[in-house]
Amino acid sequence: DQQVKQNSPSLSVQEGRISILNCDYTNSMFDYFLWYKKYPAEGPTFLISISSIKDKNEDGRFTVFLNKSAKHLSLHIVPSQPGDSAVYFCAASVGEYGNKLVFGAGTILRVKS
Amino acid sequence: DTEVTQTPKHLVMGMTNKKSLKCEQHMGHRAMYWYKQKAKKPPELMFVYSYEKLSINESVPSRFSPECPNSSLLNLHLHALQPEDSALYLCASSQGTSSVETQYFGPGTRLLVL
């Protein structure tokens, strides 16, 4: 049962443009959502998070939007830079299970210069 | 500082070997985690330690044995592994144990079982 889904395996964007990465979830009990960035052979790096009581969180070039009614969140990167090229994982946790994170399958972002 | 360190970076072992992976954090975090990541797959939770006690075991085979000697250290003891256990093993930590805590990951140990 895949509770967190990232349906786009890859995304290619021109440098300077906006990158939009999407994530859908099925468990309405999830109360915290995170985005991680991962380079090959490295651990995931935390990017940004959002609590289920909010609909937007912004940190520099990164903004996460949460639509609870649609069970959908998205990560916007503006402007995109070549160094942003990596795999992006969406993750979610639910209070019932404490700090257990459930990850999506990941989206490969390629930013072309 | 959100650094989690892991050693070794790479490990090759035979199916009869015994080895250990080590994870360390000095952020005062009270929860630590082991994840396994196969190629082109997301990380999958293996174990969670909260306040140095095992709180979650995701039905991991007994050939993987976690240990938390103190609040800064987390070990994963490996014995009689199978080739399909080859993967990237990730350690993470978080300040507390609630669901709204951010987990910070180490660089991982790349394990190859021959």
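A brief report on the enclosed structure follows. (Residues numbered from 1 in each chain as written. Chains lettered and ligands numbered in written order. Predicted model: local features only at pLDDT ≥ 70, side-chain atom pairs only at ≥ 80, totals over all residues. Heavy atoms only, no water.)

**Overview of the interface of chain A and chain B**
Each side of the interface is counted separately: chain A has 23 residues, and chain B has 28 residues. In this structure, A:K100 engages B:E58 in a salt bridge whose closest nitrogen and oxygen atoms are separated by 2.9 Å. Along the contact surface separating chain A from chain B lie four residue pairs in polar contact (both at pLDDT 80 or more). At five residues, the largest contribution of residues to the side of chain A that touches chain B is made by strand β4 (residues 30-38) of chain A. (Contact = heavy atoms within 4.5 Å. Salt bridge = Lys/Arg side-chain N within 4 Å of Asp/Glu carboxyl O. Polar contact = N/O pair within 3.5 Å; in protein donor to acceptor, adjacent residues only side chain to side chain. Helix = DSSP H or I, 4+ residues; strand = E, 2+ residues; numbered from the N terminus.)

**Observations regarding the pairing of strand β8 (residues 73-79) of chain B**
Residue and element names in this part refer to chain B. Taken across its seven residues, β8 has five buried, putting it largely inside the fold. As paired elements, strand β7 (residues 64-70) and β8 share five bridges and run antiparallel to each other. From the neighbouring strand, S65 faces β8, where its bridge partner is H77. What sits between β7 and β8 in their antiparallel hairpin is a turn of two residues. (Buried < 20%, exposed > 50% of the residue type's maximum accessible area, 1.4 Å probe, protein only. Pairing = 2+ DSSP bridges.)

**A few points about the state of the cysteines**
All names here are of chain B. Applying the stated rule across the entire model yields two disulfides over all chains. For C23, the disulfide goes to C91, at an S-S distance of 1.9 Å. Taking the sign of the S-S torsion, -70° for the link of C23 and C91, the bridge is left-handed. Of this pair, C23 sits in strand β3 (residues 18-25) while C91 sits in strand β9 (residues 87-94), and the two are 68 residues apart along the sequence. Across the pair, C91 and C23 agree in class, each one buried. The thiol sulfur of C68 is not disulfide-bonded, and the nearest other cysteine sulfur, from C23, lies at 9.3 Å. Exposure remark for C68: the relative accessible area of 14% places this residue in the buried category. (Disulfide = S-S within 2.5 Å.)

**Some details on the side chain of A:N27**
Residue and element names in this part refer to chain A. When you line up the elements, N27 lands in the loop between β3 (19-25) and β4. Judged by relative accessible area, which is 18%, N27 ranks as buried. Reaching out from N27, the side chain makes a polar contact with the backbone nitrogen of M29 at a distance of 2.8 Å.

**What about the pairing of strand β6 (residues 56-59) of chain A?**
In terms of strand pairing, β6(A) meets strand β7 (residues 62-67) of chain A through four bridges, oriented antiparallel. Residue A:E58 lies in a different strand from β7(A), and its bridge partner there is A:T63.

**Observations concerning the sheet that holds strand β8 (residues 72-77) of chain A**
What the five strands build is an open sheet, ordered β1-β3-β8-β7-β6 (chain A); its pairing is antiparallel. Unpaired on one side and paired on the other, β1 (4-5) and β6 of chain A mark the two borders of the sheet.

**So, the sheet that holds β8(B)**
Across a sheet, strands are paired by hydrogen bonds formed along the backbone, either parallel or antiparallel in direction. All names here are of chain B. The four strands are arranged β1-β3-β8-β7 in an open sheet whose pairing can be described as antiparallel. Every other strand in the sheet has two partners, leaving β1 (4-7) and β7 as the edge strands with one partner each. Adjacent strand axes in the sheet meet at a mean angle of 20°, parallel and antiparallel pairs treated alike. Note that β1 and β3 share four bridges and pair antiparallel. Its bridge partner lying in β3, V4 is registered against Q25. (Axes fitted to C-alpha atoms, helices over the stretch in contact; angles between N-to-C directions.)

**Regarding the pattern of salt bridges**
Between side chains of opposite charge, pairing is possible as soon as their charged atoms come close. All names here are of chain B. Tallied over the full model, the rule gives six salt bridges over all chains. The residue K22 makes a salt bridge to E24 at a minimum N-O spacing of 4.0 Å. Under the relative-accessibility criterion, K22 is labelled partly exposed at 37%. Where salt bridges share partners, they join K36, R63 and D85 into one cluster.

**Concerning unusual backbone geometry**
Most of the time, phi is negative for any residue but glycine, and the peptide bond is trans. Omega for the bond connecting A:V78 with A:P79 falls within 30 degrees of zero, at -10°, which places this linkage in the cis form. Positioned with a positive phi, B:Y51 is a non-glycine residue whose angle comes to about 50°. Mapped onto the elements of the fold, B:Y51 is located in the loop between β5 (44-50) and β6 (53-57). On the basis of relative accessibility, which here comes to 47%, the residue B:Y51 falls in the partly exposed class.

**Some words on the nonpolar core**
A general feature of soluble globular proteins is that nonpolar side chains tend to end up buried together. One finds A:F30, A:F33, A:W35, A:L73, A:L75 and A:Y88 to be the most contacted residues of the largest nonpolar core, which totals 25 residues. Counting residues per element, this core draws most heavily on strand β9 (residues 86-94) of chain A, at five residues. Counting residues in hydrophobic clusters, the runner-up holds 23 residues, among them B:M13, B:Y49, B:L76 and B:L81. (Core = buried A, V, L, I, M, F, W, Y, C linked by side-chain atoms within 4.5 Å.)

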